[in-house]
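Structural overview
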Amino acid sequence: MEIKQEIRFSHRYFKLKTLGGYVEEAHLLAVIRIDLEDLPKVFKTFDCIHSDGKYPLPDFGEYMLLLFQKSGWWSLFPTLRRYTPSKFEYYNGLIGQTFKVIIKE
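What this report covers is the structure whose coordinates are included nearby. Bear in mind that the values here come from a model prediction, so they are computed numbers and not experimental data. (Residues numbered from 1 in each chain as written. Predicted model: local features only at pLDDT ≥ 70, side-chain atom pairs only at ≥ 80, totals over all residues. Heavy atoms only, no water.)

1. Focus on the overall build of the protein
Quick reminder of the rule: Secondary structure counts use DSSP, requiring at least four H or I residues in a row for a helix and at least two E residues in a row for a strand, with both numbered from the N terminus. The reference for a compact globule is 2.2 Å times residues^0.38; the radius of gyration itself is calculated from the C-alpha atoms. Note on exposure labels: buried denotes an accessible area under 20% of the residue type's maximum, exposed denotes more than 50%, and partly exposed covers the range between, all computed with a 1.4 Å probe on protein chains only. Surface accessibility follows the Shrake-Rupley procedure with a 1.4 Å probe radius. Residue values consider only the protein chains on display as shielding. Charge counting follows a simple rule: Lys and Arg are positive, Asp and Glu are negative, and His as well as the terminal groups are ignored. By convention, the point assigned to a charge is CZ for Arg, NZ for Lys, CD for Glu and CG for Asp.
Within the protein, the regular secondary structure consists of two helices and nine strands. Helices and strands appear in the protein in the N-to-C order β-β-β-β-α-β-β-β-β-α-β. Against the globule reference of 13 Å for 105 residues, the protein gives a C-alpha radius of gyration of 13 Å, in line with a compact fold. In terms of its C-alpha atoms, the protein occupies a principal-axis envelope of roughly 35 × 30 × 25 Å. Here the protein holds 105 residues, and 37% of them are scored as buried. When the accessible surface of the protein is totalled, it reaches about 6600 Å², and 54% of it is carbon and sulfur. Where the 15 positive side-chain charges of the protein centre and where its 13 negative ones centre are 4 Å apart.

Here it is as structure tokens:
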């Protein structure tokens, strides 16, 4: 399977953990436009918690929820990214593609 895209994460988020370490590739399943104020606090905490603390997500704003399936696993993980019309169109065009997951060391 050819991987053409990359998705980068600034920390070792707990949502990226696998039995053997951290996810290395994932399939994009969905892109959903959301308003952060509509998400429950527990979801935002789950999305932002990492080995060094918690990413400082704003309380409101237009975002995209990208839903990925860990390659070789039946587990899913979300990631929130800032919304722009061009980014939304870009990610929508990549649904079904495999991404290389890059975690900043």
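2. As for the environment of alanine 30
On the secondary structure map, alanine 30 appears in strand β4 (residues 25-35). It is 9.8 Å that separates the C-alpha atoms of alanine 30 and methionine 64, two residues lying 34 residues apart in sequence.

3. Some words on the nonpolar core
Our working definition: By nonpolar core is meant a set of buried Ala, Val, Leu, Ile, Met, Phe, Trp, Tyr and Cys residues that side-chain atoms within 4.5 Å join together.
In terms of nonpolar packing, the biggest core is built from 18 residues, with Ile7, Leu28, Leu66, Phe68 and Tyr91 touching the most fellow members. Judged by nonpolar contacts, the second largest core, of eight residues, contains Ile34, Leu39, Cys48 and Leu57.

4. Some words on the pairing of β4
Formally: Any two strands with at least two DSSP bridges between them are considered paired.
Pairing of β4 with strand β9 (residues 98-103) involves three bridges; the strand directions are antiparallel. Bridge pairing in β9 links histidine 27 to threonine 98.

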